[in-house]
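What the coordinates show
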Amino acid sequence: MSTLPARQDAINKLFDDFQENGHEDESLDEMFEAFDEVVYMALLEKLGHSNSSDEQKKLVRLKMSEFMLNMDFNLPAIAHVENILHSIGAGSFAKAASYLEQLYAMRSQAFSEIQRKHAQNPRDKDPLSKLLAILISRKPDISAAEAIAQLESGNYADVIIDFDEDMIEYSHPDGRICCVNKSAIPARLSRLRKK
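Below or above, wherever it landed, is the structure these notes cover. (Residues numbered from 1 in each chain as written. Predicted model: local features only at pLDDT ≥ 70, side-chain atom pairs only at ≥ 80, totals over all residues. Heavy atoms only, no water.)

1. A few points about the nonpolar core
By size, the foremost hydrophobic cluster in this structure holds 19 residues, and its most contacted members are Leu128, Leu132, Leu151, Ile160, Ile185 and Leu189. Within the residue set of this core, elements represented by two or more residues are helix H6 (127-138), helix H7 (144-151), strand E2 (167-171) and helix H8 (185-194). By residue number, the principal contributor to this core is H6, which donates five residues. Among residues more than four places away in sequence, those in contact with leucine 189 are Leu132, Ile136, Ile142, Ser143, Ala144 and Ala147. If you look at the next biggest cluster of nonpolar residues, it comprises 14 residues, including Leu44, Met64, Met68 and Ala96. (Core = buried A, V, L, I, M, F, W, Y, C linked by side-chain atoms within 4.5 Å. Buried < 20%, exposed > 50% of the residue type's maximum accessible area, 1.4 Å probe, protein only. Helix = DSSP H or I, 4+ residues; strand = E, 2+ residues; numbered from the N terminus. Contact = heavy atoms within 4.5 Å.)

Put into structure tokens, the structure is as follows:
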């Protein structure tokens with residue numbers, strides 16, 4: 001029987017080989033079948049049965065399938081994943097692929113909905129951009145060097161936290177801290193002038 005580190009190395013090799021062999025030309029159900037086989041081989045290795053008799057291997061396969069069929073997370077958020085695992089456990093790889101496609105569609109729709117909501121609620125302007133807009137309103141042709149000097153003057157200590165020769169560190173109202181490279185100030189000024 002092999003040692004635990006040797007078993008783990010063998011398991012890692014199984015999954016590495018699975019990833020390296022690329023499955024782009026396979027259908028989803030073929031990929032699930034290949035993945036099922038890798039999980040089965042990894043389980044045999046983990047249990048120390050990789051060199052066991054075919055009968056022992058069949059028992060491991062049966063237990064693995066039984067376990068996958070009986071999984072019950074009781075979480076609606078992962079119902080599709082649970083259905084995928086049940087289908088793989090039952091050897092119904094086409095059904096597992098169908099559940100995965102449904103999951104992708106559902107996640108895509110949810111992401112689109114989030115994007116739509118974000119588009120309806122424009123985000124607040126960055127505090128540094130607000131300061132630069134103020135400086136532009138006072139002097140429309142302000143240079144980047146002048147703007148940087150104004151930001152470093154101490155007049156805007158409620159936003160500008162720190163600076164050095166390359167960076168300016170500033171805070172958001174929610175407490176987040178951001179850094180901007182001073183070389184980005186000319187582009188920011190240019191964008192703000194176009195608005």
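Moving on from the coordinates now.
2. What about the sheet that holds strand E3 (residues 177-181)?
Taken in spatial order, the three strands line up as E1-E2-E3 in an open sheet, and their pairing is antiparallel. The open sheet is flanked by strand E1 (160-163) and E3, the only strands paired with a single partner. This sheet shows a mean twist of 25° between the axes of neighbouring strands, independent of strand direction. (Pairing = 2+ DSSP bridges. Axes fitted to C-alpha atoms, helices over the stretch in contact; angles between N-to-C directions.)

3. Brief notes about the packing of H6 against H7
Here H6 crosses H7 at 115°, and the two axes come no closer than 11 Å. Where H6 crosses over H7, the handedness of that crossing is right-handed. Contacts between H6 and H7 pair Leu128, Leu131, Leu132 and Leu135 from the former with Ala147, Gln150 and Leu151 from the latter. Split by residue class, the contact of H6 with H7 holds six nonpolar, one polar and no charged. (Left-handed = near helix turned anticlockwise from the far one by under 90°. Nonpolar A, V, L, I, M, F, W, Y, C, P; charged D, E, K, R; others polar.)

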